[in-house]
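# Summary of structural features
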Amino acid sequence: MALHVMDEANHCLGCKVPRCQQGCPIHTNIPEVIRLLKANKLDEAGRMLFENNPLTTVCSLVCNHENQCEGHCVRGIKGAPVHFSVIENYISSTYASQMTQGPAPSNGKKAAIIGSGPAGLTIAVILARYGYDVTIFESHDKIGGVLRYGIPEFRLPKSVLDDFEYRHLRLKGIKVRPNTDVGKALKIEDLFRDGYKAIFIGTGVWKPKAMGIPGESLGHVNYAIDYLVDPDVYDLGDNLVVIGAGNSAMDVARTALRKGVRHVSVFCRRYQTAASVREVDYAKADGVEFYYGMRPSRITDDGVYYKKVEMDEEGNITSTSEEQFFPCSSVIIAISQGAQNRIVSTTTGLEMSSHGLLATDEHGHTTREGIFASGDVVLGARTVVEAVKYSKQVAEEMDEYLTKRREK
Ligand code: FAD
């Protein structure tokens, strides 16, 4: 792998105006990181990556590189781009394995983080760097959010998250309360009572969107986000239909094949997929079959009834077929998720937006003083790097808020 990494590094032209950096949503200083690696300064390169992006190792594995850094690489215009994802993965994982530094000096202020997905983890790491006493409240038994309970092992090994927990949380003195669903026994008011001066909400979108068609409550029908939490507990039979064509649908389809389902058919509403080209290519290579223009109308014990639509290039429907039947042993619905409102409904002063998400201003302030939010619960279902990007700004806002409180 090292030889390949150095080949990729040597392929970089070190452009004065680095399009790759512009294409990265968090503007990773790619030419400088590569320069440091080539100068045998891996430590400095690793530090630079982690300071800019606490989730650099995760991003090296799950970002949509072909649309971001690699898609903007000038080398890619006439040939293969520099595969920075491989370089980033090598540097960040090597550097992480040597990180042993303990907590920053304490500033005596407590901050609470609700949710340990990319948003909560980014805030926790940054506030801990500034000396805050940080506690994470997580409803699952382990940290990571979708990184652990959505994205399958074959795309993102759980060991990356275990290592993150050890090096970035435990060694830095960040406390984690697993299996703690804020909004049930513990409410936001309890956290304020117990001395947390600012609270961050990064609870993501975990409420599956229903299709609202007959048959959705049958025993062989499930939702993607529920299935991906623990695929081993499901018996899907031999023929699975996945309704939806986003990245979650690809993860369901590919996981199901690895868990023994023999045929997986993805029903796409349109004639293109919402999932990235790379994920669709992998799904096809794995043996997943795609059906386009599929509009399911009802589900029975034996399969899915649907109408097939034809569309013109603008996406307008030009014809609709009679209802047809597609036999299958199970169905997984993967048409996105929305935010749960347990915290909002148990907290005075917090409001939802008109889109059913948590309402904030552009700096991450919710409608209640001292409570901040970012990630999917504010933006809707997005990406890891977007959650990191927004959370970096919100962490600075929280620090400013807490600093002002200190001066009062
Ligand atoms: P989440 O990751 O959802 O984390 C929220 C956390 O809050 C969870 O741990 C949850 O248990 C916890 N929580 C919720 N309510 C409470 C509560 N009341 N109390 C305590 N804890 C609570 N993005 C990419 O960039 N690349 C990909 O390849 C990719 N693949 C994806 C595959 C799937 C199946 C899905 C669903 C999404 C994928 N995404 C991908 C999107 C990406 O994972 C999300 O945008 C990102 O995880 C959002 O981060 P977050 O921290 O806002 O929320």
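Everything numeric here is computed off the predicted structure, so don't read it as measured data.

Next up on the list: the overall build of the chain. Within the chain, the secondary structure is distributed over 17 helices and 16 strands. Taking 408 residues into account, the globule formula puts the C-alpha radius of gyration at 22 Å, and the chain, at 23 Å, falls close to it. With the C-alpha coordinates aligned to their principal axes, the bounding extent of the chain is approximately 70 × 55 × 40 Å. Within the span of the chain, comprising 408 residues, buried residues form 51% of the whole. Looking at the chain as shown, the accessible area adds up to about 18,900 Å², and 49% of this sits on carbon and sulfur atoms. Looking at the chain, you have 47 positive and 50 negative side-chain charges, and the mean spots of the two groups are 5 Å apart.

Within a sheet, each strand pairs with its neighbour through backbone hydrogen bonds, oriented either parallel or antiparallel. An order of S6-S14-S7-S8-S9 is seen for the 5 strands of this open sheet, with the pairing classed as parallel. Each edge of the open sheet is held by one strand with a lone partner, namely strand S6 (221-223) and strand S9 (289-291). Shown here is a sheet whose adjacent strand axes are inclined to one another by a mean of 25 degrees, direction ignored. One ladder, built from 3 bridges, connects strand S8 (residues 263-267) with S9; its direction is parallel. Paired with Val266 across the two strands is Phe290, which belongs to S9.

With 12 residues, helix H8 (residues 118-129) extends 17 Å between its outermost C-alpha atoms, agreeing within 8% with the 16 Å of an ideal straight helix rising 1.5 Å per residue. With 11 of 12 residues buried, H8 lies mostly within the body of the structure. For H8, the set of buried residues is Pro118, Ala119, Gly120, Leu121, Thr122, Ile123, Ala124, Val125, Ile126, Leu127 and Ala128. Note on H8: the residue one or two positions beyond its end, Gly131, has a positive phi of about 95 degrees.

Taken in spatial order, the 5 strands of this open sheet run S3-S2-S1-S4-S16, and their pairing is parallel. Of all the strands in the sheet, the pair left with one neighbour each is strand S3 (175-177) and strand S16 (371-373). The mean inter-strand angle of the sheet, taken between neighbouring strand axes irrespective of direction, is 20 degrees. Pairing of strand S2 (residues 133-137) with S3, which is carried by 3 bridges, proceeds in the parallel orientation.

At Asn40, a position not held by glycine, the phi torsion is positive, near 60 degrees. Within the fold, Asn40 resides in the loop between helix H3 (30-38) and helix H4 (42-52). With phi around 50 degrees, Asn179 is a residue other than glycine that occupies positive phi space. Tracing the backbone through its elements, the reader meets Asn179 in the loop between S3 and helix H11 (188-193).

What follows deals with the packing of H3 against H4. Packed helices, taken two at a time, are described by their axes: the angle between them and the distance between them. Taken N-terminus to C-terminus, the directions of H3 and H4 make an angle of 160 degrees; their axes are 7 Å apart at the nearest point. On the basis of the axis angle, H3 is roughly antiparallel to H4. As for the relative orientation of H3 and H4, their crossing is left-handed in sense. Mapping the contact onto sequence places Glu32, Val33, Leu36 and Leu37 in H3 and Leu42, Glu44, Ala45, Met48 and Leu49 in H4. The residue inventory of the contact of H3 with H4, partitioned by class, reads 7 nonpolar, no polar and 2 charged.

With that out of the way, let us pick up helix H7 (residues 84-96). Taking 1.5 Å of rise per residue, 13 residues should cover 18 Å, and H7 covers 18 Å from first to last C-alpha, within 8% of that figure. Within H7, 10 of the 13 residues are buried, leaving the element largely enclosed by the surrounding structure. Among the residues making up H7, those that are buried are Phe84, Ser85, Val86, Ile87, Glu88, Asn89, Ile91, Ser92, Tyr95 and Ala96.

Moving on: the pattern of salt bridges. Evaluation of the coordinates by the stated rule reveals 20 salt bridges. Residues Arg35 and Glu32 are paired through a salt bridge, measuring 2.9 Å at the closest nitrogen-oxygen approach. Taken together, the residues Arg35 and Glu32, both in helix H3 and 3 residues apart, mark about one turn of the helix. Of the charged contacts in the structure, one is a salt bridge between Arg193 and Asp194, with a shortest N-O distance of 2.9 Å. The exposure class assigned to Asp194 is partly exposed, which follows from its relative accessible area of 38%.

Criteria and thresholds
Residues numbered from 1 in each chain as written. Predicted model: local features only at pLDDT ≥ 70, side-chain atom pairs only at ≥ 80, totals over all residues. Heavy atoms only, no water. Helix = DSSP H or I, 4+ residues; strand = E, 2+ residues; numbered from the N terminus. Rg over C-alpha atoms; globule rule 2.2 N^0.38 Å. Buried < 20%, exposed > 50% of the residue type's maximum accessible area, 1.4 Å probe, protein only. Areas by Shrake-Rupley, 256 points an atom, 1.4 Å probe, with all protein chains shown as cover. Lys, Arg positive; Asp, Glu negative; His and termini not counted. Charge placed at Lys NZ, Arg CZ, Asp CG, Glu CD. Pairing = 2+ DSSP bridges. Axes fitted to C-alpha atoms, helices over the stretch in contact; angles between N-to-C directions. Expected span 1.5 Å × (residues − 1). Parallel < 35°, antiparallel > 145°, perpendicular 65-115°, else oblique. Left-handed = near helix turned anticlockwise from the far one by under 90°. Contact = heavy atoms within 4.5 Å. Nonpolar A, V, L, I, M, F, W, Y, C, P; charged D, E, K, R; others polar. Salt bridge = Lys/Arg side-chain N within 4 Å of Asp/Glu carboxyl O.

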